[in-house]
Amino acid sequence: MEKIIITCKNCDASLTNQLKKIKLDLSLFEEDEEIIERGFWSEGHEDVSISHNDRILINWRDSKLINHKLIKNYFGCCGYEPVDFLNQICPNCKIGIATIVNECYTYDYVAIKVENVKVK
């Protein structure tokens, strides 16, 4: 299986570790669990529990992104809420890249906005 690396479309900085594609099966998970294992990526999912069906989903431990300076405005009781705000930014050029989600009532994942990255 071919591995990919996701880079910033703006500055070409590497944003992830090498990743292999998987098909996401949400029946295997419950709320507050990581839905993507480290080292893998998946296309967004149409399940109503995932609000980012048009993005690339990865494990937060594969991300090289950093928190947006306004991240506290989008923090719930236990973690980051599933909003559309790009709360993860490129560590090099600081543009918005992704949304990290790990609130207690959600699955845990990072949703990368496809328009802001290149897949190599």
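Remember, predicted model here, so these are calculated numbers, not experimental data.

Caption draft 1: Looking closely at the overall build of the protein. The helix and strand inventory of the protein stands at zero helices and ten strands. In sequence order, the secondary structure elements of the protein are arranged as β-β-β-β-β-β-β-β-β-β.

Caption draft 2: Representation of the sheet that holds strand 9 (residues 109-112). With mixed pairing, eight strands are arranged side by side in an open sheet as 1-3-4-5-9-8-7-6. Strands at the two margins of the open sheet, each flanked by one partner only, are strand 1 (3-4) and strand 6 (66-67). Sheet topology note: the strand 4 (residues 40-43)/strand 5 (residues 56-58) ladder contains three bridges and is antiparallel. By the bridge assignment, serine 42 is partnered in strand 5 with leucine 57.

Caption draft 3: Region of the structure containing the pattern of salt bridges. Applying the stated criterion across every chain, the model contains five salt bridges. The salt bridge partner of glutamate 34 is arginine 61, with a shortest N-O separation of 2.8 Å. Of this pair, glutamate 34 sits in the loop between strand 3 (19-21) and strand 4 while arginine 61 sits in the loop between strand 5 and strand 6, and the two are 27 residues apart along the sequence. Look at glutamate 34 and you get partly exposed, because its relative accessible area is 28%. Where arginine 38 meets aspartate 62, a salt bridge forms, and the shortest distance between an N and an O atom there is 4.0 Å. Placement of arginine 38 in the loop between strand 3 and strand 4 and of aspartate 62 in the loop between strand 5 and strand 6 is noted, with a sequence separation of 24 residues between them. Judged by its relative accessible area of 2%, aspartate 62 is buried. One salt-bridge network, held together by shared partners, links Asp12, Lys118 and Lys120.

Caption draft 4: Molecular detail of the pairing of strand 9. Covered by surrounding structure in strand 9 are Tyr109 and Ala111 together with Val110 and Ile112, the residues of both alternating faces. One ladder, built from three bridges, connects strand 5 with strand 9; its direction is antiparallel. Residue pairing for strand 9: isoleucine 58 is matched across the bridge by valine 110. Relative to strand 9, strand 8 (residues 96-101) is paired through four bridges, and the arrangement is antiparallel. Within strand 9, the residue paired with threonine 99 across the bridge is alanine 111.

Caption draft 5: Geometry of the pairing of strand 8. Of all six residues in strand 8, five are buried; the element is thus mostly enclosed. Here strand 7 (residues 88-89) pairs with strand 8 via two bridges, running antiparallel. When the sheet's bridge partners are listed, glutamine 88 is paired in strand 8 with alanine 98. In sequence, strand 7 turns back onto strand 8 through a hairpin of six residues, with lysine 94 there showing a positive phi of about 70°.

Caption draft 6: Quick peek at unusual backbone geometry. Although it is not a glycine, aspartate 12 adopts a positive phi angle of roughly 70°. Here aspartate 12 lies in the loop between strand 2 (6-8) and strand 3. In this model, lysine 94 sits at a positive phi of 70°, which is unusual for a non-glycine residue. With respect to the helices, strands and loops of the structure, lysine 94 is situated in the loop between strand 7 and strand 8.

Each value, and the rule that gives it
Residues numbered from 1 in each chain as written. Predicted model: local features only at pLDDT ≥ 70, side-chain atom pairs only at ≥ 80, totals over all residues. Heavy atoms only, no water. Helix = DSSP H or I, 4+ residues; strand = E, 2+ residues; numbered from the N terminus. Pairing = 2+ DSSP bridges. Salt bridge = Lys/Arg side-chain N within 4 Å of Asp/Glu carboxyl O. Buried < 20%, exposed > 50% of the residue type's maximum accessible area, 1.4 Å probe, protein only.

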